[in-house]
Amino acid sequence: MKRLSIYCAAAAFFAHVLSAAIAPNVTRTTVAGIDLLAYPTGVKDVVTLRASFPAGKALSPATNPALAALTAAMLDKGTTTRDKFAIAQALESVGANIRFSAGSQLLTVSAKCLKKDVPLVIALIAEQLRAPAFAPAEFAKVQKQFAGNLQRALDDTDFRASDSFTRAVYPVGHPNRQTEPKELLSSAQATTVEEVRAFHAKYFGPAQFTFVAVGDLDVPQLQTEITRAFTGWTGGQKLPTAARSTSTDSPREQTVFMPEKTSVTVLIGQTTGLLYRDADSLPLAVGTAVLGGGFTGRLMATVRDQAGLTYSTEAFVSKNTLVDGDFEIYASFAPELLEKGLAAVRRELNAWSKDGVTATELEQRKGNLIGEFKLSLATTEGLADTLLATVQRGRPLASLDDFADRVNALTPAIVNGAIKQYLAPEKMVLIKAGTVPGAK
Amino acid sequence: MHRFALAFLAVATAFPSLRAADQLAAAPVKAEGFTYVRTLGAISEYTLDANGLSVLLMPAHAAPELTFMVTYRVGSRNEVTGTTGATHLLEHLMFKGTAKHNRTTGKGFDQVLAPLGAINNATTWLDRTNYYVNAASDQLPVVVELLADTMRNLLLLETDRQPEMTVVRNEFERGENDPVQALDVEINAAAFIAHPYHHSTIGWRSDIEKVSIAKLREFYDTFYWPDNATVSVIGDFQTAAALALIAKFYGPIPRAPKPIPQVYTEEPAQTFPRRVGVKRAGELGVVGLAYKICPASSPDFPALSVLGDILADGKNARLYRALTDRSLTTSVSANTGFNRDNSLLTFYASLAPGAKHDEVERRLLEEITRLRKDGVTATEVQTAVAKSLAATAFRRDGSFAIASSLNECIAATNWTLYYTLDEALKKVTPADVLRVAEKYLDYDQSTTGWFVPLAASPAAK
């Protein structure tokens, strides 16, 4: 495999840019209290649905950090009118799927189905959100699944590095800071089904609910089905405003030792203090893409292509959709090449930070980012994700249509100014996860 | 590579195809230098007369983008001891370029494509190697020229092999980090003792490190010829114009000077169950169970795919009910190998905390025994078929998704599987499923593997 298996998060940042007019083709209405966006495309039969509302992990009480994730995991385990097997059969018999997942602040619903099954799928989404059974027997199983999945993740160097990184750079209380796995495990074991019911009662509702449908759509029918499925649903919460990050007193260098691993995952980074919608986010992301976006980024060109030290290294800005996010460099190295690899990454980081990007690099990167974005919109999933993220970011849909212009308006001075203003390599945190030589 | 490869396998087993009625094939054109072969569904096949290059064209104008892909009929099945992983390493070296297109000239693959916003990549798997570019429609000429240039003009320098070897070695090391991948390598190596599916596509570490540039050159000169390749164009293009471009850039390349070597090794019959294991630091155990099955082109394959779904796909799957719903596993899966030669149907059961390997294995086998004894219901078959047909529609969502599926069908010897498998799937009956269960889920032809974690890491304690 020539290319990266972990897709560049910087690319994800730009997967929200358009050059063709999108906003005029979105039908946006408020239906049953829900912010509904519909975007018909030329694809035949396929419909992708996305929805989100504030019920993510950061809304769990500090004393019970697993609560939101456990609640989300219970949604497909049966409703007050049918058990999980009946729901699964209803979906599987038409090849449709619905997934619920708790992110840092939002609970996201992802579904895909054929055009003819849109009414069924919307009804099932509503049923599972509005009337979950929360059966104690199912909850006991979910607790065990949760523990098993988390424990299995602890075997993954990438997970361990990114998990530790959040606690190293984000202060206590910041939504992007993840709970210690040990604490999460004990919280999951101590949680009661009554607490899950209370969390559901408090946070589930249309107060800040966005629903996106893309594909082979009959928009009036979609609106009718949403009305039918969600009318009478009340409650929910608006997302609270989070304070921007302050610095942490965590050690600047941390090792997560994992025995018998043949590759070490490395993360270097810091918080930026920037949300996606902040004006300086765009130039910082473009500059970051010059450093570590794909195969033409400096990191891959030097650390991989020239030196052969890694299969994958990249730089990206992330976690800035709803709150201020971070800048990260990712790399993997064989234990015996770790120090050499780290030195090579730091050399590129320091040169980039000190001297910035060149005019030629910037021009090439603009074409790359704008072009890749167009390609990302060639699928219903790409479009649905883009529309939902735009709403989540508090950006107008029209902002999608002038993105290319905004990228093209960037100059080296603007980009390099953002790099210097928001990043300081000497203050960045280094996380190493794996069989790090000399560590235990 | 391995991670990607598994993903591709999963895609392939779900029957890649389009529904013919939903996409209209462009009428065949008379193009100078090409022989029109046939049209099936929305795909038309041509052969470039000059050198035997196969060309598949699937116009779709929903979005101004396209995927251009070259599939070489060479994969890790064409390797032998000492050169395992060579196909994959050669795939990496492809991007080091040619005399005309390399980083030094400023016209390297990425240097040309990235500023255009085009996405390019390559993958290697057991039966094939593919290179593809997703690009805006108007960039087709640039893309065809670039990929055609790599067919016979690679530099293949030792100075490029050295750093790329360590890149690939780190790819190998990343795969080894995952106990399930390590177990999968062991299971395949035990299940196949003669056939080259014995070794994984990324190869053995020592071969990755030591294969010479001369050997790689030999590999390239043996397999990278137009009459061992298929070019596919999917998306927004005009047929006549695309054919003209292909003729212009691929036409001057000669046929292979010697016949492409064929793999003739057949796996001898397995008469006794085999057992392997991986024991090392880790968190939770895994049980794998693999059975020998037929090639993807076999008439038995659709029923085997339905069988795998009935056992392991979704909450109503039998193994979900028997294992995951009883808190013995965190997940179960079935992978029905979509390959050119006899392959494996592999079940994986990821143990939940506290679960024992032997109990999970026993229950897994009990479910298989029950299915072989009592068969399956019509509802189970109908549900599995419905899921596959819907997945078919979902894979019409963008040119790259189509290309990914088509690629596996080309590798499995016949691109028309892209359509014919769906039709065959619709005809599968409970009796068919029972028949293939009895035929293939024979314990004597199984390989069982355990991942046994030695101790939890400190954070998990």
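Since the structure is predicted, the reported quantities are computational estimates derived from the model, not experimental observations.

### Some details on the overall build of chain A
A tally of helices and strands in chain A yields 17 helices and 11 strands. Relative to a compact globule of 440 residues, whose C-alpha radius of gyration would be 22 Å, chain A shows 22 Å and is just as compact. By its C-alpha atoms, chain A is 60 × 50 × 40 Å across when sized along the principal axes. Relative to its full complement of 440 residues, chain A shows a buried share of 57%. Counting only contacts in chain A whose residues sit at least 6 apart along the sequence, the fraction spanning at least 24 positions is 82%.

### Here we look at the overall build of chain B
If you tally the helices and strands in chain B, you get 16 helices and 12 strands. For 461 residues, the compact-globule estimate of 2.2 N^0.38 gives 23 Å, and chain B sits close to it at 23 Å. For chain B, the C-alpha atoms occupy an extent of roughly 60 × 50 × 45 Å along the three principal directions. Out of the 461 residues belonging to chain B, those deemed buried represent 58%. Across chain B, the fraction of contacts at a sequence separation of at least 24, relative to all contacts at a separation of at least 6, is 79%.

### Description of the interface of chain B and chain A
Listed per partner, the contact involves 66 residues of chain B and 65 residues of chain A. Looking at the side of chain B that touches chain A, the elements that each hand over two or more residues are α1 (2-13), α2 (86-94), α3 (109-113), β5 (119-124), β6 (129-136), α5 (158-176) and α13 (378-394) of chain B.

### Looking at the packing of α2(B) against helix α8 (residues 213-223) of chain B
Residues and elements named next belong to chain B. Where α2 meets α8, the closest approach of the two axes is 10 Å, and the angle between their N-to-C directions is 90 degrees. Classified by the angle their axes make, α2 and α8 are roughly perpendicular. Two secondary-structure elements touch here, α2 through Ala-86, Leu-89, Leu-90 and Leu-93 and α8 through Lys-215, Leu-216, Phe-219 and Tyr-220. Grouping the constituent residues of the contact of α2 with α8 by class yields 7 nonpolar, no polar and 1 charged.

### Quick look at the sheet that holds β6(B)
With mixed pairing, 7 strands are arranged side by side in an open sheet as β1-β2-β3-β7-β4-β6-β5 (chain B). The sheet is open, and its two borders are formed by β1 (34-40) and β5 of chain B, each paired with just one other strand. Ignoring which end each strand starts from, the neighbouring axes of this sheet average 15 degrees apart. Pairing analysis gives 6 bridges linking β5(B) to β6(B), with the strands arranged antiparallel. In the sheet register, B:Asn120 faces β6(B), and the bridge partner there is B:Val133. Against the sheet, helix α13 (residues 359-376) of chain A contacts β4 (65-72), β5 and β6 of chain B, and its axis sits at roughly 100 degrees relative to β6(B).

### Here we look at the packing of helix α4 (residues 118-130) of chain A against helix α9 (residues 219-230) of chain A
Residues and elements named next belong to chain A. As a packed pair, α4 and α9 sit with axes 9 Å apart at the nearest point and diverge in direction by 30 degrees. Considering their axes alone, α4 and α9 lie roughly parallel with respect to each other. Here α4 and α9 pass one another in a crossing that is right-handed. Along its contact with α4, which presents Val-118, Pro-119, Ile-122, Ala-123 and Ala-126, the element α9 presents Leu-222, Glu-225, Ile-226, Ala-229 and Phe-230.

### Some points on the domain arrangement of chain A
Interface extent is often summarised as the accessible area lost during association of the parts. Residues and elements named next belong to chain A. Splitting chain A by domain gives domain 1 (24-230) and domain 2 (253-434). In this structure, domain 1 and domain 2 have C-alpha centres spaced 28 Å apart. Taken together, the contacts link 28 residues of domain 1 with 32 residues of domain 2. Elements with a contribution of two residues or more to the side of domain 1 that touches domain 2: β2 (34-40), β3 (46-54), α6 (157-169) and β6 (210-215). Here the side of domain 1 that touches domain 2 gets 9 residues from one element, more than from any other, and that element is α6. Counted by class, the side of domain 1 that touches domain 2 contains 14 nonpolar, 10 polar and 4 charged residues.

### Examining the environment of B:Ala244
Residues and elements named next belong to chain B. Examined against the element boundaries, Ala-244 turns out to sit in helix α9 (residues 239-250). The exposure class assigned to Ala-244 is partly exposed, which follows from the 18 C-beta atoms found within 10 Å. C-alpha separation for the pair Ala-244 and Gly-33, spaced 211 residues apart in sequence, amounts to 8.9 Å.

### Remarks on the sheet that holds strand β9 (residues 286-293) of chain B
Residues and elements named next belong to chain B. If you trace the 5 strands from one edge of the open sheet to the other, you get β8-β12-β9-β11-β10, paired in mixed fashion. Because the sheet does not close on itself, it has two edges, and the strands there are β8 (274-280) and β10 (329-336). Along the sheet, successive strands turn relative to each other by an average axial angle of 15 degrees, direction set aside. Across 7 bridges, the pairing between β8 and strand β12 (residues 446-453) is parallel. Each bridged residue has a counterpart across the sheet, and for Gly-277 the counterpart in β12 is Trp-450.

### Brief notes about helix α17 (residues 412-422) of chain A
Of all the residues in α17(A), the buried ones are A:Val415, A:Asn416, A:Ala418, A:Ile419 and A:Tyr422. Around the axis of α17(A), the buried residues are gathered within 155 degrees of arc, so they sit on the same side.

Analysis parameters
- Residues numbered from 1 in each chain as written.
- Chains lettered and ligands numbered in written order.
- Predicted model: local features only at pLDDT ≥ 70, side-chain atom pairs only at ≥ 80, totals over all residues.
- Helix = DSSP H or I, 4+ residues; strand = E, 2+ residues; numbered from the N terminus.
- Rg over C-alpha atoms; globule rule 2.2 N^0.38 Å.
- Buried ≥ 20, exposed ≤ 12 C-beta atoms within 10 Å, placed from the backbone.
- Contact = placed C-beta atoms within 7 Å.
- Axes fitted to C-alpha atoms, helices over the stretch in contact; angles between N-to-C directions.
- Parallel < 35°, antiparallel > 145°, perpendicular 65-115°, else oblique.
- Nonpolar A, V, L, I, M, F, W, Y, C, P; charged D, E, K, R; others polar.
- Pairing = 2+ DSSP bridges.
- Left-handed = near helix turned anticlockwise from the far one by under 90°.
- Domains from an automatic or database assignment.
- Arc of directions from axis to C-beta.

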